Amino acid sequence: MALDDLPSLESEILSRIKAARDEREIEEIRVWAFGKKSRYAELKKSLGKREKESAKELGLRIHASNNNTLQAWSARRDEILNAALEARLKAETVDVTLPVDPQPRGKIHPVSQVFAEIEAIFADMGFSVRYGPDIEDDFHNFTALNFPPGHPAREMHDTFFFEEKEDGSRMVLRTHTSPVQVRTMTSEKPPIRIIAPGRTFRCDSDQTHTPMFHQVEGLVIDKETHMGHLKGTLEAFVKRFFEIDDLSTRFRPHFFPFTEPSAEMDVAYERVDGAIKFGQGDKWMEILGCGMVHPNVLKNCGLDPDEYQGFAFGMGVDRLAMLKYGIPDLRDFFSGDTRWLEHYGF
Ligand code: PHE
């Protein structure tokens, strides 16, 4: 390339810089005008073949031209970048006076709602809340609760067992919240008045059973506690829970290894246009299990049955939520479907 071409090269570069519209175009110009294969680079390479004097002069002129066009290039690039930023800021403007988009909106799961309702009712009756681990040992889940090894009642719990440890024992996913009775009696002094909400596990799945479900346990231990206290407490509880003052209840004899006598509590209902209506009627719905704490359980927990008695109860929280809020299938509780939560949540 001849030396005389330099002014025309410079004006060609300047006019292309001026014409550049966006970041991509200005970047292409950088590569074309100043890159390794640019005409400036070609000219610089050719300097070696020239006479010393003319090489020096040409070098200075190339350098000046290069500086000049490079300055024009970076000024144009700044313009383009600023304009792009300006446009973006305009497009992304948030109008803070617009109403908030309510989707997606969080809701309280019916299980959480019912836990809170149950806790509030028992708190008003002077109960406090205790928690125990989901993974239990055999002693707390069974043996201390008067399920001796080999007792048939163990079979009824459809237990999830962990692998055997070296000593042959196996941990379990607790099959009920009753182990918290044991944990409380072995660590606290009577009088005891607690409820224990939590997760429980049994190998079972259908419309009203899921392998993980929720229970609330209750335990009262004192010197003069009797069955009348049990009935009064639980009747007061279900009336408040279902928000029905003249709710009829009945206690039916039952069996649990850890209570004696044991009972199940039913509430009366009738069907009105296919829907369940609690309160009165000739049908009975089982709501919870309960009983007077078995003397063997007191002894296993270090309490003297001649000095202390108590009562205990346990209820299925998911089932109570289904009944109170008319939710047909338990499995949907744990499917994580936001449409379900939108419908049944609080
Ligand atoms: N643990 C029992 C169950 O899961 C319920 C229960 C608790 C019964 C306390 C009596 C007393 O079926």
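Whatever comes next refers back to the structure up there.
Sequence order as written defines the numbering, with residues in each chain counted from 1. Only residues with pLDDT of at least 70 get local features here, since the model is predicted, and only at 80 or more are side-chain atom pairs given and counted; chain-wide, interface and lining totals rely on the full set of residues. Here the side-chain values reflect all heavy atoms present in the structure, with hydrogen atoms and water set aside.

Quick notes on the pairing of strand 7 (residues 259-272)
Here's step 1: Here 7 bridges tie strand 6 (residues 249-256) to strand 7, and the two strands are oriented antiparallel to one another. What sits directly across from Arg-252, in strand 7, is Glu-264.
Here's step 2: When DSSP finds two or more bridges between a pair of strands, those strands are recorded as paired. Going along the chain from the N terminus, every DSSP run of H or I of four or more residues is numbered as a helix, and every run of E of two or more is numbered as a strand. The antiparallel hairpin formed by strand 6 and strand 7 contains 2 residues in its connecting segment.
Here's step 3: Bridge count for strand 7 against strand 9 (residues 283-293) is 9 bridges, and the pairing is antiparallel. Bridge pairing links Glu-264 to Gly-289 in strand 9.
Here's step 4: For strand 7 and strand 8 (residues 275-278), the ladder comprises 4 bridges, and the chain directions are antiparallel. Across the sheet, residue Glu-270 finds its bridge partner in strand 8, namely Lys-277.
Here's step 5: Between strand 7 and the antiparallel strand that follows it, strand 8, lie 2 residues; Asp-273 among them carries a positive phi value of about 50 degrees.

Thoughts on unusual backbone geometry
Here's step 1: The omega angle of the peptide bond from Pro-190 to Pro-191 is 0 degrees, so this bond is cis rather than trans.
Here's step 2: The residue Pro-191 is located in the loop between helix 8 (179-187) and strand 4 (192-201) in this model.
Here's step 3: The linkage connecting Glu-260 with the following residue, Pro-261, adopts the cis geometry, with an omega of -5 degrees.
Here's step 4: By the element assignment, Pro-261 lies in strand 7.
Here's step 5: The backbone phi angle of Glu-243 is positive, close to 60 degrees, even though this residue is not glycine.
Here's step 6: Within the secondary structure, Glu-243 is located in the loop between helix 9 (227-242) and strand 6.

Observations concerning the site of the ligand
Here's step 1: Contacts to the ligand come from 14 residues, most closely from His-176, Ser-178, Arg-202, Gln-215 and Glu-217.
Here's step 2: Between N or O atoms, a polar contact is any pair within 3.5 Å; within protein, one atom must be a potential hydrogen donor and the other a potential acceptor, and residues adjacent in sequence are included only when both atoms are from side chains. At 3.0 Å, a side-chain N or O of His-176 approaches a nitrogen atom of the ligand.
Here's step 3: For the ligand, a nitrogen atom lies 2.9 Å from a polar atom in the side chain of Ser-178.
Here's step 4: Note on areas: these come from Shrake-Rupley sampling with a 1.4 Å probe, and a residue is covered only by the protein chains present in the view. Protein burial of the ligand: of its 320 Å² of free accessible surface, 91% is covered by the chains.
Here's step 5: Judged by its atoms lying within 2 Å of the grid points, the ligand is housed in the largest pocket. We call a residue near a molecule or strand when any one of its heavy atoms sits within 4 Å of it. Using a grid of 1 Å spacing that covers the protein atoms alone, one calls a set of points a cavity when a 1.4 Å probe fits there but cannot get out, and a pocket when the set is open and has protein on both sides within 12 Å along at least five of seven lines; lining residues are those with an atom within 4 Å of a point. Think of it this way: a molecule belongs to a cavity or pocket when more than half its atoms come within 2 Å of the grid points there.

Some thoughts on the packing of aromatic side chains
Here's step 1: Note on aromatic pairs: the rings of Phe, Tyr and Trp (six-membered ring only in Trp) are paired at centre separations within 6.5 Å, and the planes decide the class, stacked below 30 degrees, edge-to-face beyond 60, tilted for the rest. Here the structure, examined in full by the defined rule, presents 17 aromatic pairs.
Here's step 2: Note on Phe-127 and Phe-313: the rings are 6.5 Å apart at their centroids and 65 degrees apart in plane angle, and the pair reads as edge-to-face. One end of the pair, Phe-127, is in the loop between helix 5 (110-124) and strand 1 (128-129); the other, Phe-313, is in strand 10 (residues 309-316), with 186 residues separating them in the sequence. Per residue, the accessibility class of Phe-127 equals that of Phe-313, and both read buried.
Here's step 3: One aromatic cluster is present, formed by Phe-122, Phe-127, Phe-237, Phe-241, Phe-242, Tyr-269, Phe-278, Phe-311 and Phe-313 through successive ring pairs.
Here's step 4: Whether a charge lies above a ring is judged from NZ of Lys or CZ of Arg, which has to be within 6 Å of the ring centre and within 35 degrees of the ring normal. A cation over an aromatic ring shows up here: Arg-16 above the ring of Trp-32, its NZ or CZ 4.2 Å from the ring centre.
Here's step 5: Residue placement shows Lys-324 over the ring face of Phe-241; its charged tip is 4.5 Å from the ring centre. A simple rule labels every residue: compare its accessible area, found with a 1.4 Å probe on the protein chains alone, to the largest value its type can have, and call it buried under 20%, exposed over 50%, or partly exposed in between.

By themselves, these are just geometric observations and shouldn't be taken as functional.
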